[in-house]
Amino acid sequence: MLARVFRSNQPGVLVLLVVLVPALLLPNCWAPAPDLSQGMPLMRWLAGFINATGWTYGLAVMFWVAIMALQVAFLLNETELVDRRNHLSGLLVPLALALTVPPGGAGAAFFGLPLVIWAMHRTWSISTGQKALGALFDAGLLLGLAAQFYMPYAFLMVVVWASVSVIRPFQWREYLLPLVGVVLVFYLAWGVQRLLHLPYQAPLRTIIPSSMGFAGAPPHFPWIVALVLAPLLVVSSLRFAEYYGRGVVREQNIRSAFIAFGLTMALLGALVQLIGGHFPIVLVAIPLAVLTTFALIGTRRAWLGELAVACLVLFAIWLQYGRA
């Protein structure tokens, strides 16, 4: 039922986010907010607002999730990453984030994600004939801003370069401008901190575990979720490979860029785990939500997809409300 509703090409279904997001993430309104007062500048600035009262943090989490669901929906449809226009991300993104961000577990990586999605949107928009230099400079600025929440996001510059390499012929300016955008944001942040005598950036503080993922979840929760999620991801990968093989060159280029994005996010998580001993699962939530779209977009054996989605909804409610 849920997948069938969001599978349509009717943007009006996104209004259901007003109901879906609070239903999944309401426990954040009474959960204790994590300590986000140390780290990168924008995260410290935002923490001063969202930690003012108990319910402000919960509202911020729900607002961020809704924004990301809308962003991914427009990203998929405008870049034609999938063959058929749909709004499944309006369902899958809140589900993925509800399964990876328990109450009180939204940290710097979570709050920087909308800027990362926006940067990928600007980067991949060059495949539709838009002017490349302006879009790539914007992508660099957005990644620089995302790094002001969560320092590892600066390394997503390699995704921009990889995307450009498969979408357009080589032009050195298109590789230099995104880097200039990232460096410019860091330089301006440093200048503002010096002028206002603010605390300096603390990049390593951003990898301290604040997005708990499955940590502290009910017993055997990850294994129970894996029983549904693993087969779903296998089917999604096979469908993605099928769509990739029969797509035209432009579609294959965009899907290659998406592969680079997903693998880089997973690698970032692995590096953070190597340094801090904690894998921020939220990093892979968006790529996995997009990948799952390929399994649910078809109508063949649709009841299996509906059953998988229903199970994931129950698991998300279990994680969110079982800890409340």
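In what follows, the structure referred to is the one given above.
To start, this report covers the structure provided alongside it. (Residues numbered from 1 in each chain as written. Predicted model: local features only at pLDDT ≥ 70, side-chain atom pairs only at ≥ 80, totals over all residues. Heavy atoms only, no water.)

## A closer look at the overall build of the protein
When helices and strands are tallied, the protein shows 13 helices and zero strands. For 324 residues, the compact-globule formula gives about 20 Å, and the C-alpha radius of gyration of the protein, at 19 Å, lands near that figure. Taken along its principal axes, the extent of the C-alpha atoms in the protein is 60 × 50 × 35 Å. When each of the 324 residues of the protein is scored for burial, the buried share is 55%. (Helix = DSSP H or I, 4+ residues; strand = E, 2+ residues; numbered from the N terminus. Rg over C-alpha atoms; globule rule 2.2 N^0.38 Å. Buried < 20%, exposed > 50% of the residue type's maximum accessible area, 1.4 Å probe, protein only.)

## Focus on the environment of Gly-140
When you line up the elements, Gly-140 lands in helix H7 (residues 132-147). The spatial distance from the C-alpha of Gly-140 to the C-alpha of Asn-86 is 28 Å, given a sequence separation of 54 residues. Not counting chain neighbours up to four residues away, the residues in contact with Gly-140 comprise Met-157, Pro-178, Gly-181 and Val-182. (Contact = heavy atoms within 4.5 Å.)

## Quick word on helix H12 (residues 285-296)
Along its twelve residues, H12 runs 17 Å from first to last C-alpha, staying within 8% of the 16 Å computed at 1.5 Å per residue. Extensive coverage of H12 is indicated by the burial of eleven of its twelve residues. Three or more residues of H12 are buried, namely Ala-285, Ile-286, Pro-287, Ala-289, Val-290, Leu-291, Thr-292, Thr-293, Phe-294, Ala-295 and Leu-296. (Expected span 1.5 Å × (residues − 1).)

## Digging into the side chain of Asn-28
Topologically, Asn-28 is positioned in the loop between helix H2 (17-25) and helix H3 (41-50). Classification of Asn-28 as buried rests on a relative accessible area of 0%. Engagement of the side chain of Asn-28 in a polar contact is seen with the backbone oxygen of Leu-25, the distance being 3.1 Å. (Polar contact = N/O pair within 3.5 Å; in protein donor to acceptor, adjacent residues only side chain to side chain.)

## Concerning the packing of H7 against helix H8 (residues 157-167)
One way to put it is that H7 packs onto H8 with a least axis distance of 10 Å and a crossing angle of 160°. For the element pair H7 / H8, the angle class is roughly antiparallel. The hand of the H7/H8 crossing is right-handed. Each of Leu-136, Gly-140 and Leu-143 in H7 lies in contact with H8, whose residues at this interface are Met-157, Val-160 and Val-164. When grouped by side-chain class, the residues that make up the contact of H7 with H8 number five nonpolar, one polar and no charged. (Axes fitted to C-alpha atoms, helices over the stretch in contact; angles between N-to-C directions. Parallel < 35°, antiparallel > 145°, perpendicular 65-115°, else oblique. Left-handed = near helix turned anticlockwise from the far one by under 90°. Nonpolar A, V, L, I, M, F, W, Y, C, P; charged D, E, K, R; others polar.)

## Some words on helix H13 (residues 302-322)
Taking 1.5 Å per residue, 21 residues should reach 30 Å; H13 reaches 29 Å between its end C-alpha atoms and fits that length. On its buried face, H13 sits against helix H1 (2-6), H2, helix H5 (89-100), helix H10 (221-246) and H12.

## Focus on the packing of aromatic side chains
The full count for this structure, using the stated rule, is ten aromatic pairs. The interplanar angle of 70° and the centroid separation of 5.9 Å between the aromatic rings of Phe-63 and Trp-64 together place this pair among those described as edge-to-face. With a centroid separation of 6.2 Å and 85° between ring planes, the pair formed by Trp-124 and Phe-261 is classed as edge-to-face. With Trp-124 in helix H6 (residues 108-124) and Phe-261 in helix H11 (residues 249-276), this pair connects stretches of sequence that are 137 residues apart. Across the pair, exposure class does not vary: Trp-124 and Phe-261 are buried alike. Here the aromatic residues Phe-240, Tyr-243, Tyr-244, Phe-258 and Phe-294 are joined through ring pairs into a cluster of three or more. (Phe/Tyr/Trp six-rings, centres within 6.5 Å; stacked < 30°, edge-to-face > 60°.)

## Some points on the nonpolar core
Counting residues in hydrophobic clusters, the biggest one holds 106 residues, and the most contacted among them are Met-68, Phe-110, Phe-111, Trp-124 and Tyr-153. Per element, the largest residue contribution to this core is 13 residues, and it comes from helix H4 (residues 54-79). In contact with Tyr-153, other than residues within four places in its own chain, are Ala-109, Gly-112, Leu-113, Val-116, Leu-143, Ala-146, Ala-147, Met-265 and Leu-283. (Core = buried A, V, L, I, M, F, W, Y, C linked by side-chain atoms within 4.5 Å.)

## With respect to a nonpolar patch on the surface
A cluster of nonpolar side chains, Phe-170, Trp-172, Leu-176, Leu-179, Val-180 and Val-183, forms an exposed patch at the surface whose accessible area comes to about 610 Å². As for its position among the elements, Leu-179 is in helix H9 (residues 172-196). (Patch = residues over 30% accessible without salt bridge, like charges linked within 9 Å, V, L, I, M, F, W, Y side chains within 5 Å. Areas by Shrake-Rupley, 256 points an atom, 1.4 Å probe, with all protein chains shown as cover. Salt bridge = Lys/Arg side-chain N within 4 Å of Asp/Glu carboxyl O.)

## What about unusual backbone geometry?
The phi torsion at Glu-80 lies on the positive side, around 60°, for a residue other than glycine. Along the polypeptide, Glu-80 turns up in the loop between H4 and H5. On the basis of relative accessible area, Glu-80 is assigned to the partly exposed category, the value being 35%.

## Comments concerning the environment of Leu-59
Note on placement: Leu-59 falls in helix H4. Judged by its relative accessible area of 44%, Leu-59 falls in the partly exposed class. Separated by 31 residues in the primary sequence, Leu-59 and Asn-28 place their C-alpha atoms 7.8 Å from one another.

## What about the environment of Val-21?
Along the chain, Val-21 falls in helix H2. Looking at Val-21, the relative accessible area reads 2%, which means it is buried. Remark: the alpha-carbon pair of Val-21 and Leu-91, spanning 70 residues in sequence, is separated by 9.1 Å. In contact with Val-21, other than residues within four places in its own chain, are Leu-26, Met-62, Val-65, Ala-66 and Pro-94.

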